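Tertiary structure, described
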Amino acid sequence: MQINKIIFFDLDGMLCPHNDLQVTPEITQLFAKFPAHHILPVVASGRSFYEVQPLLRKLKVDSYILSNGCYVVAQESVIQNQQLSNNVIEKIIKLANDRKQDVGFFNQKDYAVTGINHLTRRHMNAMHLSKALIAPEFYRTHTVNFLNLYLQKSEEVAYQKTFSNQLEFVRYAPLAVDVLPVKTSKAQAIDKLLTTMNLPNLATYAFGDQNNDLTMFSKVDYGIAMKKATIELKRLASYVAKTDSGVIEGLRHYQLI
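Residues numbered from 1 in each chain as written. Predicted model: local features only at pLDDT ≥ 70, side-chain atom pairs only at ≥ 80, totals over all residues. Heavy atoms only, no water.

A count of helices and strands for the chain gives 9 helices and 14 strands. In terms of overall dimensions, the chain is globule-like: its C-alpha atoms have a radius of gyration of 18 Å, near the 18 Å expected for 257 residues. With the C-alpha coordinates of the chain rotated into their principal frame, the extents come out at 55 × 35 × 30 Å. Relative to its 257 residues, the chain shows a buried fraction of 54%. (Helix = DSSP H or I, 4+ residues; strand = E, 2+ residues; numbered from the N terminus. Rg over C-alpha atoms; globule rule 2.2 N^0.38 Å. Buried < 20%, exposed > 50% of the residue type's maximum accessible area, 1.4 Å probe, protein only.)

So this is what it looks like as structure tokens:
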């Protein structure tokens, strides 16, 4: 397929407005029309493959950026699979234990948590994560692409100071922060994808709503923020949706449909 434009789509609060990994029939129909318009749709999400595989299949998407840039696939070929070392993970766990906070371990097949306190449970309920394996030493027998810390925004500072220039911290939900390998981001993943697919100088668009989309907006030509997006993302956007149907609105604004 000849590709003239690339659109990067976040999932939660975006294609999936209720954080349930479900899309409307209208969205499914739109994705089916993209190839005829020489548009490559790319899912760019903080979610992992085991969560989004059914949705990717439904939308017939074969290129995607997952785990906020850790895992990148270009036309069904894995081109990036960033992982955290056990040494770094153990340092994070120690600080979290001292502060009585939970840590989540994530790879592309499954996930586990060190524990589930009231704040962690609130986050899991909001993200429709009904099951979680409690396994404090999960990382010893499984690869880990990234971690979650379940805490309020004001509590991030202790981790940022301790691990300055060693890790990336990206808040993607009110009660959760992603801990990523250093220099990993959606922007870096976009660069990797475009270079690997040899797609320079194409018009690029991105749809998002949270601060984990900030680097993505800084990389593309046009960033479309949802009506309920964060203030920081709206400031960086080239277009801010005025309705709750922000995806459709943005596609129409840029005459992509």
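This next bit is on the pairing of strand β5 (residues 77–81). Alignment of strand β4 (residues 71–74) against β5, held across 4 bridges, turns out to be antiparallel. Bridge assignment links Val72 to a residue of β5, and that residue is Gln80. Hairpin remark: β4 followed by β5, antiparallel, with 2 residues in the connecting loop; positive phi at Gln75, about 50°. (Pairing = 2+ DSSP bridges.)

Quick look at the sheet that holds strand β7 (residues 111–113) now. Strand order across the open sheet formed by 6 strands is β8-β7-β6-β9-β11-β10, with mixed pairing between neighbours. At either margin of the open sheet sits one strand with a lone partner, and together these are β8 (133–134) and β10 (167–173). Note: strand β6 (residues 103–106) against β7, 3 bridges, orientation antiparallel. Residue pairing across strands places Phe105 opposite Ala112, the latter belonging to β7. Against the sheet, helix α3 (residues 86–98) makes contact with β6, β9 (146–150), β10 and β11 (176–181), and its axis sits at roughly 155° relative to β6, the strand it touches most. (Contact = heavy atoms within 4.5 Å. Axes fitted to C-alpha atoms, helices over the stretch in contact; angles between N-to-C directions.)

When its volume is computed, the largest pocket comes out at roughly 620 Å³. Lining the largest pocket are 30 residues; nearest its centre among them are Met127, Tyr172, Ala173, Pro174 and Gln210. Those elements that provide at least two residues to the lining of the largest pocket are α4 (118–126), β9 and β10. Its boundaries defined by the atoms lining it, the second largest pocket holds a volume of some 420 Å³. The wall of the second largest pocket is formed by 19 residues, among which Gly13, Met14, Pro17, Asp244 and Gly246 lie closest to the centre. (1 Å grid on protein atoms, 1.4 Å probe; cavity = no way out; pocket = protein on both sides within 12 Å on 5 of 7 lines; lining within 4 Å. Points joined across faces, edges and corners; volume = space filled by probe spheres on them.)

The subject of this paragraph is the pairing of strand β1 (residues 5–9). By the criterion of burial, β1 is predominantly enclosed, with 4 of the 5 residues buried. Sheet analysis places β1 next to strand β12 (residues 203–208), joined by 5 bridges and oriented parallel. Paired with Ile6 across the strands is Thr204, a residue of β12.

The next thing to look at is the sheet that holds β1. Taken in spatial order, the 8 strands of this open sheet run β5-β4-β3-β2-β1-β12-β13-β14, and their pairing is mixed. Looking along the sheet, the strands with just one partner apiece sit at the ends: β5 and β14 (239–240). Note that strand β2 (residues 39–44) and strand β3 (residues 64–66) share 2 bridges and pair parallel. Bridge pairing links Ala44 to Ile65 in β3. Sitting on the sheet, helix α6 (residues 186–196) is in contact with β1, β2, β3, β4 and β5, with an inclination near 145° to β5.

Along the chain, the position of Ser45 falls in the loop between β2 and α2 (49–59). A relative accessible area of 1% places Ser45 in the buried class. For Ser45, the side chain forms a polar contact with the main-chain nitrogen of Arg47, separated by 2.9 Å. Leave out the neighbours within four places in its chain, and Ser45 touches Asp10, Leu11, Ile65, Leu66, Ser67, Asn68 and Lys186. (Polar contact = N/O pair within 3.5 Å; in protein donor to acceptor, adjacent residues only side chain to side chain.)

Let's shift gears to the nonpolar core. Ranked by internal contacts, the top residues of the largest apolar core, which has 33 residues, are Ile7, Phe9, Leu15, Ile27 and Leu251. Put simply, the parts of the chain that give this core at least two residues each are β1, α1 (25–33), β2, α2, β3, β4, β12 and α9 (246–253). Look past the residues within four positions of Leu251 in its chain and what remains in contact with it is Ile7, Phe9, Leu30, Phe34, Phe207, Leu256 and Ile257. By size, the runner-up hydrophobic cluster in this structure holds 25 residues, among which are Ile3, Val42, Ala229 and Leu233. (Core = buried A, V, L, I, M, F, W, Y, C linked by side-chain atoms within 4.5 Å.)

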